[in-house]
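Report on the structure
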Amino acid sequence: MNQQMKELIDKFPVEIIDMFHDVRQLIFDSVSCDLEEVLWAKLPSYYVGKSFVRLIPFKDHINIEAQAAISHKEELTGYKFTPKGMLQIYVKQDIPCEILKQIFVETLDENN
């Protein structure tokens, strides 16, 4: 993680920082190809070619922008989705690791 991204994330509550690191690690663990980690419009973003996942931290939740997220909406009934199809995970919720891994593979893995 570059210094700019670290400084951005470190401004959030510790629960969000921990959740961010957990979800970030899931992204890296999910795909077999090289990821490019960048800040895009001050949003932590993970690219493989033109495909991307964005993690958008807020004070009490993280939005996950991933193309495949909306196709898993029925499996994520306890979680909210924004009108733009981003998954919201609140600090009081468990991270749905297995479903997120599948979303990240479907969104990013060039072999999928």
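Right above here is the structure, for reference.
Presented here is a report on the structure given in the accompanying data block. (Residues numbered from 1 in each chain as written. Predicted model: local features only at pLDDT ≥ 70, side-chain atom pairs only at ≥ 80, totals over all residues. Heavy atoms only, no water.)

1. Considerations on the overall build of the protein
- Secondary structure assignment for the protein yields three helices and six strands.
- Beginning at the N terminus, the succession of helices and strands in the protein can be written as α-α-β-β-β-β-β-β-α.
- Taken over the C-alpha atoms alone, the protein extends approximately 35 × 30 × 25 Å along its principal axes.
- A buried classification covers 47% of the 112 residues belonging to the protein.
- Of the contacts formed within the protein by residues at least 6 apart in sequence, a portion of 53% connects residues at least 24 apart.
- Split by element, the accessible area of the protein, about 6500 Å² in all, is 48% carbon and sulfur.
- Averaged over its 12 positive side-chain charges, the protein has a centre that lies 9 Å from the centre of its 18 negative ones. (Helix = DSSP H or I, 4+ residues; strand = E, 2+ residues; numbered from the N terminus. Buried < 20%, exposed > 50% of the residue type's maximum accessible area, 1.4 Å probe, protein only. Contact = heavy atoms within 4.5 Å. Areas by Shrake-Rupley, 256 points an atom, 1.4 Å probe, with all protein chains shown as cover. Lys, Arg positive; Asp, Glu negative; His and termini not counted. Charge placed at Lys NZ, Arg CZ, Asp CG, Glu CD.)

2. Observations regarding the nonpolar core
- With 31 residues, the main nonpolar core has L55, I64, L100, I103 and F104 as its most contacted residues.
- Breaking this core down by element, the ones donating at least two residues are α1 (3-9), α2 (14-30), β2 (43-48), β3 (51-57), β4 (61-66), β6 (87-90) and α3 (97-108).
- Ranked by residue count, the leading element in this core is α2, at seven residues.
- When near neighbours in sequence (up to four residues on either side) are disregarded, L55 contacts F20, V23, R24, I27, P44, Y46, I62, N63 and I64. (Core = buried A, V, L, I, M, F, W, Y, C linked by side-chain atoms within 4.5 Å.)

3. Re α3
- Taking 1.5 Å per residue, 12 residues should reach 16 Å; α3 reaches 16 Å between its end C-alpha atoms and fits that length.
- The set of residues buried in α3 consists of I99, L100, I103, F104, V105, T107 and L108.
- Looking at the buried positions of α3, the neighbouring elements they touch are α2, β2, β3, β4 and β6. (Expected span 1.5 Å × (residues − 1).)

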